[in-house]
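# Chain and residue survey
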Amino acid sequence: MANDLPDFNKARKRKNSSSIIRKIFDLDDSIKTLGLNKYFYIRTYGCQGNIRDSEIIKGILLKMGYKETKEMEKCDILILNTCAVRENAEKKVFGEIGFLKKLTKKKDFIFGICGCMPQEESTVKKIIQNTPYINIVFGTHNIYELPYIIQEYLNTKKQVIKVYSIEGNVIEDLPSFRESSIKAFVNITYGCDKFCSYCIVPFTRGKLRSRDKDDILNEIKELVNKGYQEVTLLGQNVNSYGNDKEDGYKFVDLLKDVCETKIKRIFFTTSNPWNFDKKIIELYKKYDNLMPFFHLPIQSGSESVLERMNRKMKIEDYINLIKYIRKNVNDCVISTDIIVGFCNESDEEFNQTLALYKKIKYDNAYTFIFSRKEGTVAYSMPDSISFEAKDKRLATLNSIVRKYSKFNNEKYLNKTLDVLVEGKSKTNSEMWTGYSSQWKVVNFSGKCKVGEIVKVKITSCQRFSLTGEKVN
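Residues numbered from 1 in each chain as written. Predicted model: local features only at pLDDT ≥ 70, side-chain atom pairs only at ≥ 80, totals over all residues. Heavy atoms only, no water.

### Considerations on the overall build of the protein
Let me state the cut-off plainly: Note on conventions: DSSP H or I runs of at least 4 residues are helices, E runs of at least 2 residues are strands, and numbering of each starts at the N terminus. Atoms counted for the radius of gyration: C-alpha only. Globule rule: 2.2 Å times residue count to the power 0.38. Each residue's exposure class comes from its accessible area (1.4 Å probe, protein chains only) as a fraction of the maximum for that residue type: buried when under 20%, exposed when over 50%, partly exposed otherwise. Note on contacts: a residue pair qualifies if any of its non-hydrogen atoms lie within 4.5 Å across the two residues. Per-residue and other accessible areas were derived by the Shrake-Rupley procedure at a 1.4 Å probe size, with only the shown protein chains allowed to occlude residues. A positive count includes Lys and Arg, and a negative count includes Asp and Glu. His and the chain ends are not counted in either. The atom standing in for a charge is NZ when the residue is Lys, CZ when it is Arg, CG when it is Asp and CD when it is Glu.
Helix and strand counts for the protein stand at 14 helices and 21 strands. Computed over the C-alpha atoms, the radius of gyration of the protein is 23 Å, within 12% of the 23 Å expected from 2.2 N^0.38 for a compact globule of 472 residues. Each of the three principal axes of the protein carries a C-alpha extent, and together these read 60 × 55 × 50 Å. The proportion of buried residues among the 472 residues of the protein is 56%. Long-range contacts, defined here as pairs at least 24 residues apart, represent 75% of the contacts in the protein between residues at least 6 apart. For the protein, the exposed area adds up to about 21,500 Å²; of that, 47% sits on carbon and sulfur atoms. Here the protein contributes 78 positively and 60 negatively charged side chains, and the mean placements of these two sets differ by 3 Å.

### Some thoughts on the nonpolar core
Heads up, the rule is: The nonpolar core is taken to be a set of buried Ala, Val, Leu, Ile, Met, Phe, Trp, Tyr and Cys residues, with the residues joined through side-chain atoms within 4.5 Å.
Among the nonpolar cores identified, the biggest contains 71 residues, and Leu233, Phe268, Phe294 and Ile325 are the most heavily contacted of them. Ignoring any residue separated from it by four or fewer positions in sequence, one finds Phe294 in contact with Phe268, Phe276, Ile281, Tyr284, Ile325, Val329, Cys332, Val333, Ile334 and Ser335. Among the nonpolar cores identified, the runner-up in size contains 28 residues, and Tyr45, Cys75, Leu103 and Ile113 belong to it.

### Focus: the sheet that holds strand β18 (residues 432-436)
Under the convention used in this document: Strands are labelled as partners when DSSP assigns at least two bridges between them. Lines fitted to the C-alpha atoms define the axes, with helices restricted to the stretch that makes contact. Angles between their N-to-C directions range from 0 to 180 degrees.
The sheet built from 5 strands closes into a barrel, its strands ordered β17-β18-β19-β21-β20 with mixed pairing. If you compare each strand with its neighbour and ignore which way they point, the axes differ by 50° on average. Bridge count between β18 and strand β19 (residues 441-445): 4 bridges; the pairing is antiparallel. Bridge pairing in β19 places Trp432 opposite Phe444.

### Comments concerning the side chain of Ser54
Quick reminder of the rule: Any N or O atom pair separated by 3.5 Å or less is treated as a polar contact, with the protein-specific requirement of one donor-capable and one acceptor-capable atom, and with residues adjacent in sequence counted only for side-chain atom pairs.
Following the sequence through the fold, Ser54 ends up in helix α3 (residues 48-63). Within the structure, Ser54 has its side chain in polar contact with the side chain of Asn81 (distance 2.9 Å). Every residue in contact with Ser54, bar those within four places of it in the chain, is listed here: Ile42, Thr44 and Asn81.

### Some thoughts on the sheet that holds strand β13 (residues 265-269)
Strand order in the open sheet made by the 3 strands is β9-β12-β13, with parallel pairing throughout. Here the strands that pair on one side only, and so sit at the sheet edges, are β9 (183-187) and β13. Ignoring which end each strand starts from, the neighbouring axes of this sheet average 20° apart. Pairing of strand β12 (residues 230-234) with β13 involves 5 bridges; the strand directions are parallel. When the sheet's bridge partners are listed, Leu233 is paired in β13 with Phe268. Lying on the sheet, α3 is in contact with β9, β12 and β13; it crosses β9 at an angle near 100°.

### Overview of helix α4 (residues 87-100)
Stated precisely, the cut-off is as follows: To estimate the expected span of a helix, subtract one from its residue number and multiply by 1.5 Å. Directions from the helix axis toward the C-beta atoms define the arc.
Between its terminal C-alpha atoms α4 stretches 20 Å, which fits the 20 Å expected from 14 residues at 1.5 Å a residue. All of the buried residues along α4 are Glu90, Val93, Glu96, Ile97 and Leu100. Mapping the buried residues of α4 onto a view down its axis gives an arc of 125°, with all of them on the same face. In this structure, α4 carries Asn88, Lys91, Lys92 and Phe99 as exposed residues pointing more than 90 degrees from its buried face. Of the surrounding elements, those touching the buried residues of α4 are β2 (39-44), β4 (77-82), β5 (110-115) and α5 (121-130).

### Examining the pattern of salt bridges
Keep this limit in mind: In what follows, salt bridge is the name for a side-chain nitrogen of Lys or Arg lying within 4 Å of a carboxyl oxygen of Asp or Glu.
This model, assessed by the stated rule, comprises 29 salt bridges. Between Glu422 and Lys183 there is a salt bridge, with its nearest N and O atoms 2.7 Å apart. Of this pair, Glu422 sits in strand β17 (residues 416-424) while Lys183 sits in strand β9, and the two are 239 residues apart along the sequence. Salt bridges here are not isolated pairs; linked through shared partners, they connect Arg52, Glu55, Glu172, Arg178, Arg211 and Glu219.

### Digging into a negative patch on the surface
For clarity, the cut-off: Residues enter patches when they are more than 30% accessible in relative terms and free of salt bridges; like-charged ones are connected within 9 Å and nonpolar ones (Val, Leu, Ile, Met, Phe, Trp, Tyr) within 5 Å.
On the surface, a cluster of negative charge is made up of Glu246, Asp247, Asp253 and Asp277. With respect to the secondary-structure elements, Asp247 resides in the loop between β12 and α9 (251-260).

### Brief notes about the environment of Ile360
By the secondary structure assignment, Ile360 is in helix α13 (residues 347-360). By relative accessible area, Ile360 is classed as buried at 3%. The residues touching Ile360, leaving out its near neighbours within four places in the chain, are Ile319, Ile322 and Arg326.

### Description of the pairing of β5
We count it as follows: Note on handedness: a clockwise path from strand one over the helix to strand two, with the strands aimed away from the viewer, defines a right-handed crossover.
The buried count for β5 comes to 6 of 6 residues, which makes it a mostly enclosed element. Side chains Ile110, Gly112 and Cys114 project from β5 onto one buried face, and the interleaved Phe111, Ile113 and Gly115 project onto a second face that is buried too. Crossover connection from β4 via α4 to parallel β5: handedness right-handed. Taken together, β5, α5 and strand β6 (residues 136-138) form a β-α-β motif whose crossover is right-handed.

### Side note on the environment of Tyr324
Within the element layout of this structure, Tyr324 appears in helix α12 (residues 315-328). When the C-alpha atoms of Tyr324 and Ile281 are compared, they prove to be 8.6 Å apart, with 43 residues separating the residues in sequence. Sequence-distant contacts of Tyr324, that is, excluding residues within four places in its chain, are made with Lys278, Ile281 and Glu282. Reaching out from Tyr324, the side chain makes a polar contact with the side chain of Glu282 at a distance of 2.9 Å.

### Here's the deal with the layout of surface pockets
The following threshold applies: Buriedness of a pocket was judged along seven lines, with at least five required to meet protein on both sides within 12 Å; pockets are open sets of points on a 1 Å grid over the protein atoms alone, cavities are sets where a 1.4 Å probe fits but cannot get out, and lining residues have an atom within 4 Å of a point. Grid points are joined across faces, edges and corners, and a volume is the space filled by probe spheres set on the points. Throughout this entry, Asp, Glu, Lys and Arg are counted as charged residues, while Ala, Val, Leu, Ile, Met, Phe, Trp, Tyr, Cys and Pro are counted as nonpolar. The remaining residues, Gly among them, count as polar.
By volume, the second largest pocket is sized at about 730 Å³. Together, 29 residues line the second largest pocket, and Arg52, Ile56, Glu172, Leu174 and Glu219 are the ones closest to its centre. Elements that contribute at least two residues to the lining of the second largest pocket include exactly α3 and α8 (213-225). Of the residues contributing to the lining of the second largest pocket, the split by class is 9 nonpolar, 7 polar and 13 charged.

### A closer look at the packing of α12 against α13
As a reminder of what qualifies: Any angle from 65 to 115 degrees is called roughly perpendicular, while one under 35 is roughly parallel, one over 145 is roughly antiparallel, and all others are oblique. Throughout, a crossing is termed right-handed when the near helix is turned clockwise from the far one, and left-handed when it is turned anticlockwise from it by less than a right angle.
Orientation of α12 relative to α13, taken along the N-to-C sense of each, is 15°, at an axis distance of 11 Å. Looking at the two axes, α12 sits roughly parallel to α13. In this structure, α12 crosses over α13, and the sense of that crossing is right-handed. Residue-level contacts link Ile315, Tyr318, Ile319, Ile322 and Arg326 of α12 to Leu356, Lys359 and Ile360 of α13. Tallied by class, residues from the contact of α12 with α13 come to 6 nonpolar, no polar and 2 charged.

Right under this line is the structure:
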C-alpha cells in the first residue's frame with residue numbers, strides 16, 4: 001500500500017455522482033486481535049462533525065480489540081482528529097504534536113493524525129518533512145480503512161499516509177461508539193458545494209453528499225429504541241439536504257419524517273440562511289419535538305464583504321428571515337457565526353456588522369479573526385489590515401456578544417424551562433447540568449437522574465448559562 005497524498009486540484013473537481021457504499025467494513029481475523037491488551041486515546045478538535053467521526057473511529061478500534069483509556073500516557077495508539085477551518089486551530093495541533101513526541105518512545109506505539117488538516121497539501125508536507133515520528137495519517141474520506149493502515153504500519157514500521165482528494169462517497173454500516181447514551185449526533189449530509197471564498201471545507205470534506213433517508217430514519221429509530229432522548233441532525237448546510245439527488249425529497253421532508261419517529265428533542269445545525277426554506281417553520285406549529293434553536297451564520301453585516309466572501313445573501317432578506325422565524329416560533333433562540341477582518345474589511349464595513357448584531361440581538365455568536373487558508377480563493381486576495389486592527393475589532397464585537405447573551409438570558413428569569421439532564425455539574429457536585437429546549441446551559445438543584453427531561457425554574461442568569469431549581 002503506497003502512500004496517497006492530498007491534491008487540491010483533484011479536490012476541486014465536481015463531476016461524478018457519489019455512491020452509497022454499504023457493508024464495506026468486514027475485518028479479517030488477523031485484524032480483530034491487533035489491539036488486544038492495548039489502549040487507545042483520541043483527542044478531537046473542531047465541530048460536531050469531527051466529534052461524530054471520532055465516535056466511528058472509537059467503534060472501529062474497539063472492533064480491533066483495543067480498549068479506551070482516559071489517560072494519554074497509558075495509550076498504545078494516539079489519534080488526533082483535527083480541524084482545518086481556523087489557522088489558530090492548526091497551530092495548536094502542531095504545537096501539541098511537538099509536545100506529544102515523548103510518547104513515541106514507547107514500544108510499538110502508534111501516533112496518528114486524521115480529520116481535515118491532513119486533507120491539506122501543506123499539512124502533509126509539514127508532517128513528512130518535520131514530524132517523521134507521526135506514524136499514520138488518514139483523511140475524512142477513508143476512516144473505514146483505519147484497521148489496514150494500522151496493520152501496514154505494524155508490519156513495515158514505515159510512515160503510512162492515506163489521504164484521498166476525491167469527491168467522496170457515503171459510507172454506511174460503520175461501527176460506532178457514541179459519547180452519550182441520551183443524546184446523539186446524526187449526519188444527514190457530508191461535504192459542501194457552496195465554495196465561500198474563505199472556506200476550506202469543500203476541499204477537505206468533498207462535495208455535497210446526502211445520506212439515504214431510510215438510513216437516517218432507521219438510525220434515529222434505533223436510537224429511540226435504545227432510550228435516546230435527543231438527536232442533532234448534522235451537515236455543513238443541513239438545508240441543502242437532497243439537492244444532490246433527483247427524487248425531490250428535501251430537508252423539510254426529512255425533518256417531518258424525523259419528527260414522526262417520536263424522538264423527544266430534535267436540533268439541526270448548520271443552516272445556511274440563503275437557502276432556508278420557510279416551510280421548515282411550518283413544521284414547528286405541528287411538532288413539539290422540534291426545538292426552537294436556529295444557528296444562522298451571516299459572517300458579516302456588510303453586503304460588500306459578503307460579496308467578496310461569495311456568500312449570496314442580502315442583509316434585508318436575512319433580517320426578514322429572522323423576523324419570520326421569531327414571529328412563528330415561540331421563545332426561539334438565534335445564534336450566528338461572524339468573521340472579522342476579512343480581506344480589506346473597512347471600518348465602515350465592520351461597523352455594519354456591529355449594527356446588524358445590535359439589530360438582531362443574537363443569543364450567541366461564534367466569532368473569529370479571518371484565517372487565510374491555502375487553496376481557497378481568499379488566500380490570494382489583497383488584505384492590508386494589520387492583525388492588531390483585526391484583534392481590536394474582535395474584542396469590540398465580543399463585548400457586544402457578551403452584552404446580548406446576558407440580555408437574552410435575563411428573559412428567562414423566574415420562568416420554567418424543560419431541561420435534559422446530562423449529569424452532575426463539573427464545578428459543583430451538588431448541582432445537575434443539562435441543556436434546555438433553547439440550547440441554553442442550565443445548572444440546577446433537585447432530585448433527578450441522567451436522561452430525564454425535567455422542569456427547572458430559573459433563579460439567576462449568567463452570560464452563557466442559567467441557574468435554577470427543579471420544579472416538582
